[in-house]
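Residue strings, one per chain:
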Amino acid sequence: MKRRVVITGIGIISPLGNDLNTVWNNIKNGVSGVDLITKFDASNHFTKFAGEVKNFSTENLIDAKDARRMDLFMQYGIVAGINAVNDSGINLETIDKTRAGIIIGSGIGGLNEIQNTVIGVLNGGVRKVSPFFITGVISNMISGNLSIKYGFQGVNYGIVSACATGNHCIGDAMRYIQYGDCDVILTGGAEAAVCPLGVAGFNACKALSTRNDSPKTASRPWDKNRDGFVMGEGAGVLVLEEYEHAKKRGANIYAELIGYGATSDAYHITAPSIEGPYLSMKKALSSAEINIDDIDYVNAHGTSTIIGDINELNATKKCFLDHAKKLSISSTKSMTGHLLGAASAIEAIFTIMSLRENIVPPTINIFELDNECDLDVTPNVAKERKVNYALSNSFGFGGVNATIVLKKF
């Protein structure tokens, strides 16, 4: 018999703030975290804006010397992980650390540090490469550093699956707990690809919006005039815990994680299919052992790409049949931008808060709804409704799809 899995801690670093209350209030109120890029001179780039993290600090959380040896994505993930552990109230002195693990991934990893090191080598030779370069950029080192910090001796790795990374990590972590391998796992994703190489790379494949005259309205899922996604950055980390373990210590339980589905389009590296997302949702619902008409809210992948947004709605209609018309759907990427490997991790957090407060976040920047969009995508204003079960989608390059299902606790 599968064991129950609950969420007992949350940590978030995002373009809308670096603590849960601030971020969630901004999400509910339809605030955009997107603006002109400040991290570097973007004047020569086709896209000059992004969802940047603001007022971020590692002070008192990561040793200053250690922080200098880490790419920014790693700092985001570690701080979010520390905040999640603190939020959980878990007693690190009494838990069985051989049954505590970490699965936190990144879609791209240490792109800033890779870029800067290559520039250093070209200008000054190979002696410019730091002995901490490799451990400062590889994607699994959020998990590695946090496992050392907390002495967790259970599972310890990171998943790399483009923009589905966060949900894949959460889903794997759920199963380790369900089947008895661990009692506690920190899980989620982190990304920091807002740098010259990252922006130029996505511009080169025509993926990013170039609405430079109006950055805050550039991320506009399902709007007729959408022109690509907006790069974001940050991290989301959850503490997953076996229900009886959490109950015994009197933990605050945010929600229950009940389903997970993962599939491949097996179709194209970047272009989406309907079948892959449809099967991902179908498998997640089967894993959760609930019916399609139990779901109240879908936090969509919804990136603001011309093909992807409608493709996801078509997959949703195929999965939910007549119930699709009764769903509330929204894309919080309209406010945060697309955090790549961290996207589904922070979106899991928004879905959890939707369950807790019976509020469906809005999809902002819908000025003229796409003629093909015939479902309720919660345009521009949040909606109050009972949310007992919710589903969160994430899809990525390579044809990867991952879906999780959450239940009100």
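Quick caveat: nothing in here was measured; it's all calculated off a predicted structure. Sequence order as written defines residue numbering, which begins from 1 separately in each chain. With the structure being a predicted model, the display of local features is reserved for residues of pLDDT at least 70 and the display and counting of side-chain atom pairs for 80 or more, all residues being used for whole-chain, interface and lining totals. The basis for every side-chain value is the complete set of non-hydrogen atoms in the structure, without hydrogens or water.

Student: Give me the lowdown on the overall build of the chain, citing residues and values where you can.
Tutor: In terms of regular secondary structure, the chain is built from 13 helices and 14 strands. Each radius of gyration is computed over the set of C-alpha atoms, and the globule rule expresses the reference value as 2.2 Å times the number of residues to the power 0.38. Its C-alpha atoms give the chain a radius of gyration of 20 Å, near enough to 22 Å, the size a compact globule of 409 residues would have. Residues classed as buried in the chain amount to 60% of the 409 residues present. Sequence-distant contacts in the chain: of pairs separated by 6 or more residues, those separated by 24 or more amount to 79%. We get accessible surface area from the Shrake-Rupley algorithm with a probe of 1.4 Å; when it comes to residues, only the shown protein chains can shield them. Taken as a whole, the chain presents about 15,800 Å² of accessible surface, with 51% of it coming from carbon and sulfur. Neither His nor the chain ends is counted toward charge; the positive residues are Lys and Arg and the negative residues Asp and Glu. Taken as the charge centre is NZ of Lys, CZ of Arg, CG of Asp or CD of Glu, depending on the residue. Of the side-chain charges in the chain, 38 are positive and 41 negative, and the distance between the mean point of each set is 1 Å. Helix and strand assignments follow DSSP, with helices taken as H or I runs no shorter than four residues and strands as E runs no shorter than two, numbered in order from the N terminus. Per-residue accessibility, obtained with a 1.4 Å probe over protein chains only, is compared with the maximum for each type, and a residue is labelled buried under 20%, exposed over 50%, and partly exposed between these values. Pairs of residues are marked as contacts when any of their non-hydrogen atoms sit within 4.5 Å.

Student: Please give an account of the pairing of strand S8 (residues 255–264) that cites residues and values.
Tutor: Judged by how many residues are buried, S8 sits mostly within the fold: eight of 10 residues are covered. As paired strands, S8 and strand S14 (residues 400–408) are joined by nine bridges and run antiparallel to one another. Looking at S14, one finds that Tyr260 is bridged to Ile404. Here, a strand pair is defined by DSSP locating no fewer than two bridges between the strands.

Student: An account of a nonpolar patch on the surface is needed here, citing residue identities and associated values.
Tutor: Residues enter patches when their relative accessible area tops 30% and they take part in no salt bridge; the joining distance is 9 Å for like charges and 5 Å for the nonpolar side chains Val, Leu, Ile, Met, Phe, Trp and Tyr. Throughout this description, the term salt bridge denotes a Lys or Arg side-chain nitrogen within 4 Å of a carboxyl oxygen of Asp or Glu. On the surface, Ile114, Val118 and Leu122 cluster together to form a nonpolar patch covering roughly 280 Å² of accessible area. Turning to its location among the elements, Val118 is positioned in helix H4 (residues 111–124). Judged by relative accessible area, which is 44%, Val118 ranks as partly exposed.

Student: Any chance you could break down the packing of helix H1 (residues 20–28) against helix H13 (residues 343–357) for me, citing the residues and the numbers?
Tutor: Two elements in contact, H1 and H13, have axes whose closest approach is 11 Å; the angle formed by their N-to-C orientations is 80 degrees. Relative to H13, the element H1 is oriented roughly perpendicular. Contacts between H1 and H13 pair Leu20, Val23, Trp24, Ile27 and Lys28 from the former with Ile349, Phe350, Met353, Ser354 and Glu357 from the latter. Broken down by class, the residue content of the contact of H1 with H13 amounts to seven nonpolar, one polar and two charged. Each axis is a line fitted through C-alpha atoms, taken for helices only over the stretch in contact, and angles between the N-to-C directions span 0 to 180 degrees. Angles below 35 degrees are treated as roughly parallel, those above 145 as roughly antiparallel, those between 65 and 115 as roughly perpendicular, and all remaining angles as oblique. Here the nonpolar group is Ala, Val, Leu, Ile, Met, Phe, Trp, Tyr, Cys and Pro; Asp, Glu, Lys and Arg are the charged ones; every other residue, Gly included, is treated as polar.

Student: How would you explain helix H7 (residues 165–178) if you had to name every residue and give the values?
Tutor: An ideal rise of 1.5 Å per residue puts 20 Å on 14 residues; H7 measures up with 20 Å between its terminal C-alpha atoms. Along H7, 11 of the 14 residues are buried, which leaves the element largely enclosed by surrounding structure. Note on H7: the residue one or two positions beyond its end, Gly180, has a positive phi of about 90 degrees. Working rule for helices: expected span equals 1.5 Å times residues minus one.

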